[in-house]
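# Secondary and tertiary structure notes
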Amino acid sequence: MLLRTKLHGKTYEFPDIRILMGKANEEKSGDHLAGVAADTVAERVAARLVLAEVPLKVLRETPAIPYDQDEITRVIQDAVDDNIYNELKDKTVGEFREWILADTTTPDMIRRASNGLTAEMIAGVTKLMSNMDLMYAAKKIPVIAYCNNTIGAPGTLSSRLQPNHPTDSPEGIRAEIYEGLAFGSGDSVIGINPVDDSYGSVARLLDMTYDVIKTWNIPTQNCVLAHVTTQMKCLESGSPVGLVFQSIAGSQKGNDSFGISVGLLDEAYALARKHCFPKGPNFMYFETGQGSALSADAHNGWDQLTLEARNYGFAKRYSPFQVNTVVGFIGPEYLYDARQIQRAGLEDHFMGKLTGIPMGVDACYTNHARADQNAIENLAVMLTAGGCNYFMGLPMGDDSMLSYQSTSYHDTASLRQLFNLRPAAEFEKWLESIGIMKNGALTEKAGDASFFLKR
Amino acid sequence: MDDAKLAAIVEAVVRELKAAGAVKPFASSSDTPPAPVLQTSSPASTVPIKPHTAAFSGGLTIDLPDPVTPELRYRPLVKNPKDASGLNALVASTTARIGVGRAGPRYSTASLLLFQGDHAVTQDALYRDVDQKLLNEFNLFTVETKVTGGKQEYLLRPDLGRLLNDEAKRIINEKCQKNVNIQVVVGDGLSSQAVESNLRQMFPVIKQGVQSANLTFGTPFFIKHARVGVMNDVGELIKPDVVILLIGERPGLGRAESMSAYMGYKPKYGDTDADRDVVCNIFENGGTNPLEAGAFVVQIAQKMRQHQASGVKLKMAK
Ligand code: B12
């Protein structure tokens, strides 16, 4: 294999696809950590020049981890529809980029192509896209899913209500839920990250959120984002579960470190279909994020973008209701500053959509990264322009339990008004019926948590 | 062990420590968090929110109170709430920023600027080291990981923070008792302030708890520039049954005092987070109280020894 180009008189040569894929990325601290980042800006572009000429079939044949060593590779490769793949495999990555963006390529055509792609092919084309390419292309691929309501329909923007509390206090969480609902947040899910992962505590929060949903007749679903094994216990013992959650990684070894496997998630999925209370048929919720495999030394020397793409191929197996990257969550060792976080957010959203999953984004940053709330508001605007399914709704964007900042209850309301978008249709009807929203805008009653104190 | 029994242990340990003058009285986490509940039905008008301003011939004087005092921080800003006293109670039930009102769909000016102020101090808290006096108090000697380039390198190279340097290994081999039941180590992690805020409360409870359970308590020490994964090296060197690593969590917005206890049964090279357990969000006033957390980790350590497992394996065993 020869992978070589000249650029401004200088020759650049890349030993293999793994290194080429790493060097073609926009700069990320995590790729430096993994030792696959380009040494110079020119080398980065040279890598892209070469990558643009690589036929897609080469990327299929070079999975980040060999088929016989990794069950995630097997899940993804085995799911490929060979008829569709055969139509695409001779396109170069550069041609594939233009095909996606072309006026003659319709959303249906891209959705069909999704079933002929592997994660490495999707990662490859993403590396050639500029930020606005990523927005434009993602917007072409709406992915809709159904649970107790409908997420991802064009013209809508949803919000996960994330009422976390440092001690899981049911009263505190309930207060935060009221505040969120009062701003029209909660149509994707009312989803709590628990401090205490024990069965009893998780079951109590499921009961409490279900009680709010029933009392107010809200067309939505609940979720407690404990380890999946805890949620499985809850399902088996009859707790009211809306969505079943798990964090996933793009390699078998990464998932090992999360205490999960394909077999375990298969079991969880079967239980979810049997016991979750909503209509469905989509019952699963996954979170991902660039750097999670690397943080468990489970990246096999590959770049974090490619590992992230593999998450989406894995998630697709379970027809999820929602998947979001928690871009910027882990810290500056993977995404150093606002610019890197914004880039990764756009990449992840596009890759999820191209994979064919209903993708949202937790646009966020930690206090040890060089970013601030303005950066995250910018990212949310860019993602909304790109048709992102949902964002997080946190009290002023501040998660006092997970110690990071994300988007707020206010932000989704503002984005809806900025872009003339509506909540999920069923949820909007409900908001109108209780008088919090009218014609897509918040009413005078909105923004007051005490509204929900008495039914 | 059930809740009642746990509570009894905590109480007993705390009583003893109090008698010895080691700790101040504490509020259990079942108490309501400290946010003040304002009693009036018209909350906005009771607090002096207007700064002292006075026009005088020279011009304008602006002399503001600190907006982070509880009275100002937890003051609901909703205009005409449906149930004002109810709203106060909601705001008092959590440290989250609720009851903040709105300007159109955006934030009120006061809540926007408070957020920015909190973000500012959090940034400043990131780069400090743990106070040497505190380490002396508990006779903790210091060793370091392979990080040599200060906090900046620590932030960018978590791989180095998971490995002890050679000097550290030598010192530990020399100073520490081997094959103990429980080995406690303290690490700065992402917040030195977290260690400073909780160690005085939590450390004695763990030690007392271990000793009253007739288990051996290894020679404790401090690791600078530590990541959670450094537990593996500690396990390999000392061969304890259980390692308890007390480490600073990454700072939250305006809150850098939250600590975690990461634990593992016989940690060794190659162990991952799936082999570990964690008690997190340890801080006074609103988090898991450090005294209770101390008793809790001893209880978990005993469970680990009983089942000879930790992490996901322990979960499956239960
Ligand atoms: C960052 C983080 C993560 C990152 C860790 C990657 C990284 N490189 O930092 C990611 C996103 C991968 C993650 C994943 C999970 N996390 Co986490 N995480 C955190 C967070 C926000 C900060 C941790 C921190 O400050 N660490 C201190 C620094 C110094 O440590 P570090 O060495 O840099 O990083 C290590 C630890 O963070 C550790 N870690 C992170 N999460 C968890 C969870 C468990 C159970 C264990 C044993 C270790 C662990 O992994 C890192 C690499 O070794 C805490 C919240 C908090 N208040 O502490 C939750 C928290 C620790 N995580 C939690 C959970 C539940 C999980 C998951 C099990 C979620 C899920 N359902 O899949 C997974 C899987 C964890 C695993 N077994 O590997 C819970 C633990 C609750 C409990 N008492 O058991 C917490 C408290 C948050 C919560 N309430 O949801 N997490």
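Residues numbered from 1 in each chain as written. Chains lettered and ligands numbered in written order. Predicted model: local features only at pLDDT ≥ 70, side-chain atom pairs only at ≥ 80, totals over all residues. Heavy atoms only, no water.

### Structural notes on the overall build of chain B
Note the threshold: Segments assigned H or I by DSSP are reported as helices when at least four residues long, segments assigned E as strands when at least two residues long, and all are numbered from the N terminus. Summary of the burial criterion: residues with accessible area below 20% of their type's maximum are buried, those above 50% are exposed, and those between are partly exposed, where the area comes from a 1.4 Å probe applied to protein chains only. Contacts are assigned to residue pairs with any non-hydrogen atoms lying within 4.5 Å of each other. A 1.4 Å probe and the Shrake-Rupley method give the accessible areas. Residues count as covered only by the protein chains that appear here.
Across its full length, chain B carries 13 helices and 8 strands. Within chain B, buried positions represent 50% of all 318 residues. Contacts in chain B between residues at least 24 apart in sequence constitute 69% of all its contacts with a sequence separation of at least 6. Counting only carbon and sulfur atoms, one obtains 52% of the accessible surface of chain B, whose full area is about 14,600 Å².

### Things to note about the sheet that holds strand β9 (residues 284–288) of chain A
Residue and element names in this part refer to chain A. What counts is decided by this rule: When DSSP locates at least two bridges between a pair of strands, those strands are taken to pair. A fitted line through C-alpha atoms represents every axis, and for helices the fit uses only the stretch in contact; the resulting angles, taken between N-to-C directions, go from 0 to 180 degrees.
Spatially, 4 strands are ordered β8-β9-β10-β11 in an open sheet, and the strand pairing comes out parallel. Each of the sheet's edge strands pairs with one partner strand only, and the pair in question is β8 (244–247) and β11 (359–361). Going from strand to strand, the sheet's axes swing by 20° on average, the running direction of each strand aside. Two elements, β8 and β9, share 4 bridges in a ladder whose sense is parallel. Residue pairing in the sheet places valine 244 in a bridge with methionine 284 of β9.

### Some words on the site of the ligand
So the rule is basically this: Any residue with a non-hydrogen atom lying within 4 Å of a molecule or strand is treated as near it. Definition of a polar contact: a pair of N or O atoms within 3.5 Å, with one able to donate and the other able to accept a hydrogen when the atoms are protein atoms, and with sequence-neighbouring residues admitted only if both atoms are side-chain atoms. Residues are sorted three ways: Asp, Glu, Lys and Arg are charged, Ala, Val, Leu, Ile, Met, Phe, Trp, Tyr, Cys and Pro are nonpolar, and all the rest, Gly among them, are polar.
The environment of the ligand is formed by 32 residues, the closest being A:Pro194, A:Gln246, B:Arg227, B:Val228 and B:Glu249. Of the chains in the model, those with residues near the ligand are chains A and B. One of the side-chain N or O atoms of A:Ser247 is found 3.3 Å from an oxygen atom in the ligand. A distance of 2.8 Å separates a nitrogen atom of the ligand from a polar side-chain atom of B:Glu249. Counting only elements with at least two residues in the shell around the ligand, the list comes to β8 of chain A together with β6 (242–248), β7 (259–265) and β8 (276–282) of chain B. With 4 residues, the top contributor of residues to the shell around the ligand is β8(B). Of the residues that constitute the shell around the ligand, the class distribution is 16 nonpolar, 10 polar and 6 charged.

### Observations concerning the environment of A:Thr104
Residue and element names in this part refer to chain A. The topology assignment puts threonine 104 in the loop between α7 (93–101) and α8 (107–114). Using a relative accessible area of 64% as the deciding quantity, one classes threonine 104 as exposed. In the structure, threonine 104 is positioned 206 residues away from arginine 310 in sequence and 28 Å away in space, judged by C-alpha atoms.

### Considerations on the domain arrangement of chain B
Residues and elements named next belong to chain B. Selection rule: Where each domain starts and ends comes from a domain assignment, either automatic or drawn from a database. Buried area is a sum: the accessible area each of two parts loses on coming together, probed at 1.4 Å, counted once for each and added. Criterion for a salt bridge: a side-chain nitrogen of Lys or Arg within 4 Å of a carboxyl oxygen of Asp or Glu.
Each assigned domain of chain B is listed with its residue range as follows: domain 1 (27–126) and domain 2 (130–317). At the junction of the two partners, domain 1 supplies 13 residues and domain 2 supplies 14 residues. A buried area of about 1,000 Å², summed over both sides, lies between domain 1 and domain 2, and 64% of it is on carbon and sulfur atoms. On inspection of domain 1 and its partner domain 2, the count reaches 0 salt bridges. In this assembly, domain 1 and domain 2 are joined by 2 residue pairs in polar contact (both at pLDDT 80 or more).

### Some words on α8(A)
Residues and elements named next belong to chain A. To keep things clear, this is the line we draw: Working note: the arc is built from the helix axis to C-beta atom directions.
Those residues of α8 that fall on the buried side of the exposure criterion are Ile110, Ala113 and Ser114. Viewed end-on, α8 has its buried residues packed into an arc of 110°, placing them on one side of the element. Those residues of α8 hidden inside the fold are in contact with α6 (82–88), α7, α17 (304–316) and α18 (338–355).

### A few points about the sheet that holds strand β6 (residues 189–192) of chain A
All names here are of chain A. Pairing is parallel in the open sheet, where 4 strands are placed in the order β7-β6-β5-β12. Edge strands, defined here as strands with exactly one partner in the open sheet, are β7 (222–224) and β12 (390–393). Direction aside, neighbouring strands of the sheet carry axes that sit 25° apart on average. In the sheet, β6 pairs with β7 via 3 bridges, with the strands oriented parallel. Bridged to glycine 191 within β7 is cysteine 223.

### With respect to the packing of aromatic side chains
For the record, the criterion: Side-chain rings of Phe, Tyr and Trp, where Trp is taken by its six-membered ring, are said to pair if the distance between their centres is within 6.5 Å; with planes under 30 degrees apart they count as stacked, over 60 as edge-to-face, and otherwise as tilted. Criterion for a charge above a ring: Lys NZ or Arg CZ within 6 Å of the ring centre, and within 35 degrees of the ring normal.
Applying the stated rule across the entire model yields 17 aromatic pairs over all chains. Taken together, a centroid distance of 5.9 Å and an interplanar angle of 25° make the contact between A:Tyr178 and A:Phe452 stacked. Separated by 274 residues along the polypeptide, A:Tyr178 in helix α11 (residues 170–182) and A:Phe452 in the segment after β16 (441–442) bring together distant segments of the chain. The two residues A:Tyr178 and A:Phe452 agree in class, both being buried. Consider the rings of A:Trp216 and A:Phe451, whose centres lie 6.1 Å apart with planes at 35°: the pair is tilted. Taken as a pair, A:Trp216 in the loop between α12 (199–215) and β7 and A:Phe451 in the segment after β16 lie far apart in primary sequence, 235 residues in all. Like A:Phe451, A:Trp216 is buried. One aromatic cluster in this structure is built from A:Tyr178, A:Trp216, A:Phe427, A:Trp430, A:Phe451 and A:Phe452. Above the face of the B:Phe141 ring, B:Lys175 is positioned so that its terminal group lies 4.9 Å from the ring centre.

### Some words on the pattern of salt bridges
Residues and elements named next belong to chain A. If you walk through the whole model with that rule in mind, you get 41 salt bridges over all chains. A salt bridge links aspartate 108 to arginine 111, with the nearest nitrogen and oxygen atoms 2.9 Å apart. Highlighted residues: aspartate 108 and arginine 111, both in helix α8, separated by 3 residues, approximately one helical turn. One salt bridge connects aspartate 297 with lysine 253, and the closest N-O pair in it is separated by 4.0 Å.

### Here's the deal with the packing of α17(A) against α18(A)
The geometry of a pair of packed helices is captured by two quantities: the angle between their axes and the separation between those axes. Residue and element names in this part refer to chain A. Test applied: Should the near helix be turned anticlockwise from the far one by less than a right angle, the crossing is termed left-handed; should it be turned clockwise, right-handed.
Closest axis-to-axis distance for the α17/α18 pair is 9 Å, and the angle between their directions is 35°. In the packing of α17 onto α18, the handedness of the crossing is right-handed. Across from Leu305, Glu308, Ala309, Tyr312, Gly313 and Lys316 in α17, the residues of α18 making contact are Glu347, Asp348, Met351, Gly352 and Thr355.

### Overview of the confidence of the model for chain B
Using the following cut-off: Known as pLDDT, the predictor's confidence for each residue is given on a scale from 0 to 100.
Averaged over all residues, the pLDDT of chain B equals 87, while 82% of them reach at least 70. Of the two predicted TM-score estimates for the complex, the pTM is 0.89 and the ipTM is 0.93.

### Some points on the nonpolar core
Rules: For the purposes of this section, nonpolar cores are sets of buried Ala, Val, Leu, Ile, Met, Phe, Trp, Tyr and Cys residues that join through side-chain atoms within 4.5 Å.
If you look at the biggest cluster of nonpolar residues, it comprises 164 residues, and the most contacted ones within it are A:Ile100, A:Phe350, A:Leu354 and A:Phe452. Aside from chain neighbours lying at most four places away, what touches A:Phe452 is A:Tyr178, A:Leu181, A:Ala182, A:Trp216, A:Trp430, A:Ile434 and A:Ile436.

### Re the interface of chain A and chain B
Taken together, the contact between chain A and chain B spans 63 residues of the former and 54 residues of the latter. For the chain A and chain B pair, buried surface summed over both sides reaches about 4,600 Å², with 55% attributable to carbon and sulfur atoms. A per-residue breakdown of the area chain A buries against chain B is headed by A:Asn367, A:His368 and A:Met396, which together make up 16% of the total. Viewed at the interface, chain B and chain A are joined by 5 salt bridges. On the surface where chain A and chain B come into contact, there are 27 residue pairs in polar contact (both at pLDDT 80 or more). Among the secondary structure elements, those contributing two or more residues to the side of chain A that touches chain B are α2 (29–33), α11, α13 (228–236), α14 (252–257), α19 (373–385), β14 (404–405) and α20 (409–419) of chain A. Top contributing element to the side of chain A that touches chain B by residue count: α11(A), with 6 residues. Taken together, the residues of the side of chain A that touches chain B sort by class into 24 nonpolar, 25 polar and 14 charged.

### Here's the deal with the state of the cysteines
Disulfide: a covalent bond formed between the sulfur atoms of two cysteine residues. Residue and element names in this part refer to chain A. Condition: Our working definition of a disulfide is a cysteine sulfur pair at a distance within 2.5 Å.
Summed over all chains, the structure comprises 0 disulfides over all chains. Left unpaired, cysteine 223 is separated from the closest cysteine sulfur, that of cysteine 276, by 8.7 Å. Overall, the relative accessible area of 0% leaves cysteine 223 in the buried class. In this structure cysteine 388 is not part of a disulfide, and its nearest cysteine sulfur, from cysteine 364, lies 12 Å away.

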